[in-house]
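What follows is each chain in one-letter form.
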Amino acid sequence: MKYFFIFLILSFSILNADEVQRIESIVNDISKLRSDYGQTQSSVVEIELQLEEETYKNKILTLNNETNTLKKSIKLKEENKIICKIIVPKIIKTTVVIKKFLNTQSLEDKNKFPNLLMKEQFKRTETLTYTYSVKTEVNIYDIIDGEKIAVLGKSTSFTSNEKTLEWIKITGYFIDKVWRISDTEMWIKSSNVLKRVA
């Protein structure tokens, strides 16, 4: 039985020896793969750098080509530039023909341009100063057909000596039965007022 155990131990150690050698070869393969991987990584980085350098070189070459073509085109345009000739203007002598002499002209010659007439609705007429009263609450404007600047209440009195067909200018107004002159231009529609009889 002793021999049997010895045989078993020997056979087991022989089997294990093969296993240890196999593990060692696997470890050696892994370390070799690691070193190969490191070398390939460094070569990949080198290749990428070379590619970047080549693309930059290509870009620089194309830019240089473009600048050269532009310089050539500028030179061609300068060579083919059209020189403008300065033309000396000719002096033309003119003679003035007078149809009428000044001493024979009359002041009654017809005016070639007609007089411009203002529309009736905008004609201003100055009259005697009258006192007016407002029928209802109305707006006051800064000019004829202008912007609204104030509101006058019903039965408010004011004075005016200038009017048009549709508008009356407020030249003065009453506050607490005291007349005050208007310091700004104010207009009111004539349809909204009544002339007061003194």
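All values derive from a computational prediction rather than experimental measurement.

## Re the overall build of the protein chain
Right, so step 1: Of regular secondary structure, the protein chain possesses one helix and seven strands.
Right, so step 2: Scanning the protein chain from its N terminus toward the C terminus, one meets helices and strands in the order α-β-β-β-β-β-β-β.
Right, so step 3: Counting only residues that meet the buried cut, the protein chain has 12% of its 198 residues in that class.
Right, so step 4: Taking the intrachain contacts of the protein chain between residues at least 6 apart in sequence as the baseline, contacts between residues at least 24 apart amount to 49%.

## Re the nonpolar core
Right, so step 1: Counting residues in each nonpolar core, the largest one holds 11 residues, listed as Tyr 132, Val 134, Val 138, Ile 140, Leu 152, Phe 158, Ile 168, Ile 170, Met 186, Ile 188 and Val 193.
Right, so step 2: Where this core is concerned, the elements lending two or more residues are β1 (125-134), β2 (138-141), β5 (167-175) and β6 (178-189).
Right, so step 3: Contact partners of Ile 140, with chain neighbours within four places excluded, come to Glu 147, Lys 148, Ile 149, Ala 150, Leu 152, Ile 170, Met 186 and Trp 187.

## Description of a negative patch on the surface
Right, so step 1: Negative charge collects at one region of the surface, where Glu 48, Glu 52, Glu 53 and Glu 54 lie side by side.
Right, so step 2: Note on placement: Glu 53 falls in helix α1 (residues 2-79).
Right, so step 3: You can call Glu 53 partly exposed: its relative accessible area is 47%.

## Digging into the pairing of strand β4 (residues 157-163)
Right, so step 1: Summarising burial for β4: five of the seven residues are buried, a large majority.
Right, so step 2: As judged from the three bridges shared by β4 and β5, these two strands associate in the antiparallel manner. Paired with Lys 163 across the two strands is Ile 168, which belongs to β5.
Right, so step 3: Taking the residues between adjacent antiparallel strands as the criterion, β4 and β5 are bridged by three residues.

## Quick notes on the packing of aromatic side chains
Right, so step 1: Taken as a whole, this structure holds two aromatic pairs when the rule is applied.
Right, so step 2: With a centroid separation of 5.6 Å and 20° between ring planes, the pair formed by Tyr 132 and Phe 158 is classed as stacked. Taken as a pair, Tyr 132 in strand β1 and Phe 158 in strand β4 lie far apart in primary sequence, 26 residues in all. An identical accessibility class is assigned to Tyr 132 and Phe 158; each is buried.
Right, so step 3: When the ring of Tyr 141 is compared with that of Trp 167, the centres are 5.4 Å apart and the planes differ by 85°; the resulting orientation is edge-to-face. You can see Tyr 141 sitting in strand β2 and its partner Trp 167 sitting in strand β5, a full 26 residues away along the chain.
Right, so step 4: Its relative accessible area of 4% is what places Trp 167 among the buried residues.
Right, so step 5: The ring of Tyr 130 carries Lys 195 above its face, with NZ or CZ at 4.0 Å from the centroid.

## With respect to the side chain of Ser 133
Right, so step 1: With respect to the secondary-structure elements, Ser 133 resides in strand β1.
Right, so step 2: Residue classification places Ser 133 among the buried positions, given a relative accessible area of 15%.
Right, so step 3: For Ser 133, the residues in contact, after removing those within four places along its chain, are Ser 155, Thr 156, Ser 157, Asn 192, Val 193, Leu 194 and Arg 196.

Criteria and cut-off values
Residues numbered from 1 in each chain as written. Predicted model: local features only at pLDDT ≥ 70, side-chain atom pairs only at ≥ 80, totals over all residues. Heavy atoms only, no water. Helix = DSSP H or I, 4+ residues; strand = E, 2+ residues; numbered from the N terminus. Buried < 20%, exposed > 50% of the residue type's maximum accessible area, 1.4 Å probe, protein only. Contact = heavy atoms within 4.5 Å. Core = buried A, V, L, I, M, F, W, Y, C linked by side-chain atoms within 4.5 Å. Patch = residues over 30% accessible without salt bridge, like charges linked within 9 Å, V, L, I, M, F, W, Y side chains within 5 Å. Areas by Shrake-Rupley, 256 points an atom, 1.4 Å probe, with all protein chains shown as cover. Salt bridge = Lys/Arg side-chain N within 4 Å of Asp/Glu carboxyl O. Lys, Arg positive; Asp, Glu negative; His and termini not counted. Charge placed at Lys NZ, Arg CZ, Asp CG, Glu CD. Pairing = 2+ DSSP bridges. Phe/Tyr/Trp six-rings, centres within 6.5 Å; stacked < 30°, edge-to-face > 60°. Lys NZ or Arg CZ within 6 Å of the ring centre and 35° of its normal.

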